Amino acid sequence: MTWLDELFPVKKPVIGMCHLQALPGDPGFDQVGGVDRVMELALREIEALQAGGVDGILISNEFSLPYLTKVEPITITTMARIIGQLREHITVPFGVNVLWDANASIDLAVATGASFVREIFTGVYASDFGLWNTDVGATARHRVAVGGENVRLLFNIVPEAARYLADRSIASVAKSTVFNCRPDGLCVSGLIAGAATDTSVLRTVKDNAGSTPVVVNTGVNANNVAEQLSIADAAIVGTYFKVDGVFENAVDTARVTKLMTEVHALRQGL
């Protein structure tokens, strides 16, 4: 039994993304609607995801584009306010992701009672956001210092819009990350949000992760979810759940229900 089994009452859990609109300080922030508008749209997404039957929710500042690797205090403060006010409406386990700041993500999880975090914790990358470095040792110690030992960490080892600088195979990255860093899970992604995750890469990570759960992180849809979850232990789904499958659109409950129907059929055979 893994922590996934303890947190979710189902096999192969599907975690739906709640993409927060741009926040104060972000280039795209709606000055007229303000934080109240961000909160209103977030509540709609949470309700739509839960109505469609997701097993968990991951709340991220997805529209804070372009992302920072060390966020401003206003970002985490605003996210904490939003989640704090909406938490009573969340009926499934939830996690958080402050893009792309590992320590801030852990801080937010501790402050809001989130069960898990998805972030880039290891490696050095050339990315759209510049040279992207990490310090997993410092992050692990920060987690302990703020009382976050029970917050599960999902390590995205194939991050979007970035390339590992070292010339290493994904098999060696997965194996050494598990051995050296003790992740609670490994996430495997495509190039950008909504891009399909290569099943061969997903299989390679799974084959080298030992007992560590593997999560397919992008590109899952109703047509490929059975194939992806035949390999991965869980899925995080964002773009497919949007109206017409468009990243910028609102969550469409009908699309959530459609994918979850396929997942329920898959579970019947487990």
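Residues numbered from 1 in each chain as written. Predicted model: local features only at pLDDT ≥ 70, side-chain atom pairs only at ≥ 80, totals over all residues. Heavy atoms only, no water.

Draft legend 1. Structural view of the packing of helix α2 (residues 34-52) against helix α3 (residues 73-86). Running from N to C, α2 and α3 cross one another at 50°; their axes reach a closest spacing of 10 Å. It follows from the interaxial angle that α2 and α3 lie oblique. Remark: the crossing between α2 and α3 carries right-handed chirality. Residues V35, D36, V38, M39, A42, L43 and I46 of α2 form the contact with α3, whose participating residues are T78, R81, I82, Q85 and L86. (Axes fitted to C-alpha atoms, helices over the stretch in contact; angles between N-to-C directions. Helix = DSSP H or I, 4+ residues; strand = E, 2+ residues; numbered from the N terminus. Parallel < 35°, antiparallel > 145°, perpendicular 65-115°, else oblique. Left-handed = near helix turned anticlockwise from the far one by under 90°. Contact = heavy atoms within 4.5 Å.)

Draft legend 2. Spotlight on the packing of helix α6 (residues 170-181) against helix α7 (residues 199-208). Interhelical geometry of α6 versus α7 gives an angle of 35° and a closest axis separation of 8 Å. The element α6 and its partner α7 pack so that their crossing is right-handed. Contacts between α6 and α7 involve I170, A171, A174 and K175 from the first element and V201, T204, V205 and N208 from the second. For the contact of α6 with α7, the per-class residue count stands at five nonpolar, two polar and one charged. (Nonpolar A, V, L, I, M, F, W, Y, C, P; charged D, E, K, R; others polar.)

Draft legend 3. Looking closely at the side chain of T75. Tracing the chain through its elements places T75 in helix α3. Dropping the residues within four chain positions of it, T75 is found in contact with L23, N61 and V98.

Draft legend 4. Examining the pairing of strand β4 (residues 116-119) more closely. Burial of β4 is two-sided: the residues F116 and R118 facing one way and the residues V117 and E119 facing the other way are all buried. Remark: the strand β3 (residues 94-97)/helix α4 (residues 102-112)/β4 crossover connection has right-handed handedness. Pairing analysis gives four bridges linking β4 to strand β7 (residues 152-158), with the strands arranged parallel. Looking at the pairing, F116 lines up with R152 of β7. (Buried < 20%, exposed > 50% of the residue type's maximum accessible area, 1.4 Å probe, protein only. Right-handed = clockwise from strand over helix to strand, strands pointing away. Pairing = 2+ DSSP bridges.)

Draft legend 5. Quick look at the environment of A114. Along the chain, the position of A114 falls in the loop between α4 and β4. On the basis of relative accessible area, A114 is assigned to the buried category, the value being 6%. Apart from the residues lying within four places of it in its own chain, the contact partners of A114 are F94, G95, V96, A109 and V151.

Draft legend 6. Fine view of the pairing of strand β9 (residues 185-188). Along β9, one buried face is formed by G185 and C187 and the opposite face, lined by L186 and V188, is buried too. Direction of pairing for β7 relative to β9: parallel, over a ladder of four bridges. Residue pairing in the sheet places F155 in a bridge with L186 of β9. Relative to strand β10 (residues 214-216), β9 runs parallel, the two being bridged by three bridges. From the neighbouring strand, C187 faces β10, where its bridge partner is V215.

Draft legend 7. Spotlight on the pattern of salt bridges. Under the counting rule described, the total for this entry stands at nine salt bridges. Measuring nitrogen to oxygen at the nearest pair gives 3.0 Å for the salt bridge that ties E40 to R37. Of the two residues, E40 and R37 are both situated in helix α2; the distance of three residues between them amounts to about one turn of the helix. Close ionic contact of D184 with R143 constitutes a salt bridge, the shortest N to O distance being 3.2 Å. Of this pair, D184 sits in the loop between α6 and β9 while R143 sits in helix α5 (residues 136-145), and the two are 41 residues apart along the sequence. (Salt bridge = Lys/Arg side-chain N within 4 Å of Asp/Glu carboxyl O.)

Draft legend 8. How the structure looks around the sheet that holds strand β2 (residues 56-60). Around the barrel, eight strands lie side by side as β1-β2-β3-β4-β7-β9-β10-β11; this closed barrel has parallel pairing. The sheet shows a mean angle of 25° between the axes of neighbouring strands, direction not considered. Relative to the sheet, α4 contacts β3, β4 and β7, its axis offset from that of β3 by approximately 145°.

Draft legend 9. Focus on the sheet that holds strand β6 (residues 130-132). Read across the sheet, three strands follow the order β6-β5-β8 without closing on themselves; strand pairing throughout is antiparallel. If you trace the sheet from one side to the other, it starts and ends with β6 and β8 (162-164), each paired once. When the angles between neighbouring strand axes are averaged without regard to direction, this sheet yields 25°. The pairing of strand β5 (residues 125-127) with β6 spans three bridges and is antiparallel. Paired with S127 across the bridge in β6 is G130.

Draft legend 10. Structural context of the nonpolar core. In this structure, I57, I82, F241 and L259 are the most contacted members of the largest nonpolar core, which totals 65 residues. With seven residues, α2 is the largest single contributor of residues to this core. Here L259 is in contact with V14, V220, N221, A222, V225, V237, Y240 and F241, once residues within four sequence places are set aside. W3, F8, A234 and I236 belong to the second-largest nonpolar core, a separate cluster that totals twelve residues. (Core = buried A, V, L, I, M, F, W, Y, C linked by side-chain atoms within 4.5 Å.)

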